[in-house]
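Residues per chain, in single letters:
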Amino acid sequence: MNSPNNRNNSKYSFYFGDKLQFIWNFLFVEIVLHYFDRMSKFILHLITGKSELERICKNEKIQSMRIKKIENSLKKSSNVYLRNVISSETVSVGYEDDIIFKIMQIKQIPAENATFSFLMKDALIKINAYQNLIVEIDSIRCEKFSHEDPSQLKFLFELWAGLKTEPKPDSIKNRKWRELGFQGDDPSTDFRGMGMLALNSLNFLVTKHNEIARNIFSKSKHPKFGYSFAIVGINVIAWVYKLLVDGDLKTHFYNYSEFLKIDKIKLENFYRIFVSVFIEFNEFWFHKEPESIMQFETLSKEFLSLVKLKLVNEPYTHITESVIDRKSFVDRYLLNSRQ
């Protein structure tokens, strides 16, 4: 008869054996894909006489797809300079032409290929702008709310003034804040995860798009399908932030800006995306008619998968050009679900 210890050892051996097999299979697939990718690039180079970067610039017409493919190609390059060329330390504003000249030397691309130079410069400018936007937004997210900061307190009390007609709370700690959908008497405790990015985003919604904010806030008070406006808003901010950091919003930002310009890859546009996504989630939530707020996690995952599908399947689009004048992607989802 096997002892309990022998049975446990056998169980753990089986478990770790499966783990090792999984790791080995994963590494094997990665290695095969890596060399297949290198071989296919080599063969295409022989056939066309052009490097991968040249082929991308010549053949890819959709701006966001072209820039993402250029970025991916540079990251996977066997050349150290090319792999490092899109780091924030390397791409400095005003030095893109020097970097492109070096790239063309490495890839032996004729200097008279003006189209390549133009599209590569556009890509480098936007890649750098996107990286800088992440740094800027992350610094705001890491900034903590302070009860002693008059400007931060002003932003908070503007939420009340923009959504409620009753007199504002007389202090930062007051049960009235729960009426806006905060979890406790002190709303600052709900900002811990997203810092000042949460308050700034909510303030942008309420002060810059007050009619939209009031509409969402009013619907959040629904007796059956209602939800906590502020808490859900902070969750939406967290989703948009993750979409930005994970690179999903490159589709939007790269399509939204004109050639050689970064005026749309900026903080205000991030806030606009938050507003648009909040609008869409509000519509999605009421379409689903959840039995209780306990379905929030499940439905939020479903909604986020919908957002990502739009960004992947419609690479020529951006989420919103104007928060008010936009085509709802939830509307499209609803139409498909009814067919």
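Computed from a predicted structure; not experimentally measured.

Examining helix α10 (residues 229–245)
Between its terminal C-alpha atoms α10 stretches 24 Å, which fits the 24 Å expected from 17 residues at 1.5 Å a residue. Among the 17 residues in α10, 13 count as buried, and that is most of the element. A positive phi of about 95° marks G247, the residue just after α10.

Describing the confidence of the model for the protein
Note: predicted coordinates in regions of low pLDDT should not be interpreted at a detailed level. Looking at the protein, the pLDDT average stands at 83 and 76% of residues meet or exceed 70. Overall, residues 321–327 carries pLDDT values under 50, and its contacts beyond four positions in sequence, including any with other chains, amount to 17 contacts.

Section: the side chain of S257
The topology assignment puts S257 in the loop between α11 (250–256) and α12 (267–288). Discounting residues that sit within four places of it in the chain, S257 has contacts with Q63, K126, I262, K264 and I265.

As for the packing of aromatic side chains
As enumerated under the stated definition, the model contains 24 aromatic pairs in all. Taking 5.5 Å as the distance between ring centres and 50° as the angle between the ring planes, the aromatic pair formed by F284 and F303 counts as tilted. Here F303 lies in helix α13 (residues 296–313) and F284 lies in helix α12, a separation of 19 residues in the sequence. When sorted by exposure, F284 lands in the same class as F303, which is buried. We note K168 situated over the ring of F157; from NZ or CZ to the ring centre the distance is 5.2 Å. K264 extends its terminal NZ or CZ atom over the ring of Y256, reaching a point 4.6 Å from the ring centre.

What to know about α13
The first and last C-alpha atoms of α13 sit 25 Å apart over 18 residues, in line with the 26 Å expected at 1.5 Å per residue. Listing the buried residues of α13 in full gives F296, L299, S300, F303, L304, L306, V307, K310 and L311. Taken end-on, α13 shows its buried residues confined to a sector of 150°, consistent with a single buried face. Exposed and oriented more than 90 degrees from the buried face of α13 are E297, T298, K301, V312 and N313.

Brief notes about the packing of helix α5 (residues 96–106) against helix α6 (residues 114–142)
Running from amino to carboxyl end, α5 crosses α6 at an angle of 125°, the nearest separation of the two axes being 10 Å. When the interaxial angle is binned, α5 and α6 end up oblique. Of the two possible hands of crossing, α5 and α6 adopt the one that is right-handed. Facing E96, D97, I99, I100, I103 and M104 of α5, the residues of α6 in contact are F116, S117, M120, K121, L124 and I125. When the residues that make up the contact of α5 with α6 are grouped by side-chain class, the tally is eight nonpolar, one polar and three charged.

Regarding unusual backbone geometry
A positive phi angle, near 55°, is found at Q108, a position not held by glycine. Here Q108 is to be found in the loop between α5 and α6. Here Q108 falls in the exposed class, since its relative accessible area comes to 71%. Of note, E289 is a non-glycine position whose phi angle comes to about 45°, a positive value. Among the structural elements, E289 can be located in the loop between α12 and α13.

Rules behind the numbers
- Residues numbered from 1 in each chain as written.
- Predicted model: local features only at pLDDT ≥ 70, side-chain atom pairs only at ≥ 80, totals over all residues.
- Heavy atoms only, no water.
- Helix = DSSP H or I, 4+ residues; strand = E, 2+ residues; numbered from the N terminus.
- Expected span 1.5 Å × (residues − 1).
- Buried < 20%, exposed > 50% of the residue type's maximum accessible area, 1.4 Å probe, protein only.
- pLDDT = per-residue confidence, 0-100.
- Contact = heavy atoms within 4.5 Å.
- Phe/Tyr/Trp six-rings, centres within 6.5 Å; stacked < 30°, edge-to-face > 60°.
- Lys NZ or Arg CZ within 6 Å of the ring centre and 35° of its normal.
- Arc of directions from axis to C-beta.
- Axes fitted to C-alpha atoms, helices over the stretch in contact; angles between N-to-C directions.
- Parallel < 35°, antiparallel > 145°, perpendicular 65-115°, else oblique.
- Left-handed = near helix turned anticlockwise from the far one by under 90°.
- Nonpolar A, V, L, I, M, F, W, Y, C, P; charged D, E, K, R; others polar.

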